[in-house]
Amino acid sequence: KGFAELLRDYDPVDKEDIFALIHAASERVIDEIQAQRTVAAAESRELRVHPETIRSGEFLRQLVEIYRRHEAAENRQLSLDPAVAEFALVSDRTLLGRVLGNMIKNALEASRPGETVTVGCRLVDDRIEFSVHNPAFIPRPAQLQIFQRSFSTKGCGRGLGTYSMRLLSGYLQGAVSFVSTEGEGTTFRASYPLILR
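Residues numbered from 1 in each chain as written. Predicted model: local features only at pLDDT ≥ 70, side-chain atom pairs only at ≥ 80, totals over all residues. Heavy atoms only, no water.

Engineer: Please clarify how the overall build of the chain should be interpreted in this entry.
Structural biologist: Of regular secondary structure, the chain possesses 6 helices and 7 strands. Starting at the N terminus and walking to the C terminus, you meet the elements of the chain as α-α-β-α-β-β-α-β-β-α-α-β-β. In terms of principal-axis extent, the alpha carbons of the chain reach across some 60 × 40 × 35 Å. Each of the 197 residues in the chain was classed as buried or not, and the buried ones make up 40%. Taking the contacts inside the chain whose residues are at least 6 apart along the sequence as the reference set, 70% of them involve residues at least 24 apart. Here the chain displays about 11,500 Å² of accessible surface, and carbon together with sulfur accounts for 51% of that area. When the 25 positive and 26 negative side-chain charges of the chain are each reduced to one mean point, those points stand 6 Å apart. (Helix = DSSP H or I, 4+ residues; strand = E, 2+ residues; numbered from the N terminus. Buried < 20%, exposed > 50% of the residue type's maximum accessible area, 1.4 Å probe, protein only. Contact = heavy atoms within 4.5 Å. Areas by Shrake-Rupley, 256 points an atom, 1.4 Å probe, with all protein chains shown as cover. Lys, Arg positive; Asp, Glu negative; His and termini not counted. Charge placed at Lys NZ, Arg CZ, Asp CG, Glu CD.)

Here it is in structure tokens:
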């Protein structure tokens, strides 16, 4: 809003940069609104899934490219595991993107500048398992609350990310889990059937 008011009141030399910032900010607001609507629909059991064929490697590469531009990725590395599994799965692209996007964003926000977040997937017992690893350790009290609605270590007004990961994974016939140790960091995993029925 502030940038838009600047453009209304005068013609700055850096108006192209301001246009880009306004566009990025509006996309972020729209994405947040859509995320809230998705969670509300899921909670009221009104959410509908739309299965389609997805190539796992291509899907993850696109997500990594999107989140490399996210503000949470500033001064952090986001990499795709070179051993990423290449499979065709049938799932809801939007819901899967929400779950994995939250996993990536949370991992970036938990990481310190200079650290690396690694995204991957593999086949485990006829299911596809996506993973996101970061070097940070989650203290035990936080681990016990991690999937609760509105729990957040990032301040007021946050806390739907991990909750929605578990909620939406139920619609995808999947499950989300994590392991966090002081020496190894934290890995979130999301496991889904290759074909959503």
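Engineer: What is the right way to read the pairing of strand S7 (residues 185–193) from this model?
Structural biologist: Consecutive residues of a regular strand have side chains that alternate between opposite faces of the sheet. Summarising burial for S7: 8 of the 9 residues are buried, a large majority. Relative to S7, strand S5 (residues 127–134) runs antiparallel, the two being bridged by 8 bridges. Bridge pairing in S7 links Ser131 to Arg189. One ladder, built from 7 bridges, connects strand S6 (residues 175–181) with S7; its direction is antiparallel. Looking at S7, one finds that Thr181 is bridged to Gly185. Following S6, the chain reverses through 3 residues before pairing antiparallel with S7. (Pairing = 2+ DSSP bridges.)

Engineer: Would you mind showing me how to read the environment of Ala136 here?
Structural biologist: The residue Ala136 is located in the loop between S5 and helix H5 (140–143) in this model. With a relative accessible area of 18%, Ala136 lands in the buried category. For Ala136 and Gly97, which are 39 residues apart along the polypeptide, the C-alpha to C-alpha distance reads 23 Å. Not counting residues up to four positions away in its chain, the partners in contact with Ala136 are Ala110, Ser180, Gly185 and Thr186.

Engineer: Where do I start with the pattern of salt bridges in this structure?
Structural biologist: Opposite charge on two side chains permits them to pair, given that their charged atoms come into close proximity. Counted by the stated rule, this structure contains 6 salt bridges. In this structure, the salt-bridge partner of Arg61 is Glu86, at a minimum N-O distance of 3.1 Å. Of this pair, Arg61 sits in helix H3 (residues 56–68) while Glu86 sits in the loop between strand S2 (77–80) and strand S3 (88–92), placing them 25 residues apart in sequence. Across the pair Arg189 and Glu129 runs a salt bridge whose closest N-O atoms are separated by 3.4 Å. Pair noted here: Arg189 is in strand S7 and Glu129 is in strand S5, with a separation of 60 residues, a long-range link. Among the charged side chains, a salt-bridge network with shared partners connects Arg122, Glu129 and Arg189. (Salt bridge = Lys/Arg side-chain N within 4 Å of Asp/Glu carboxyl O.)

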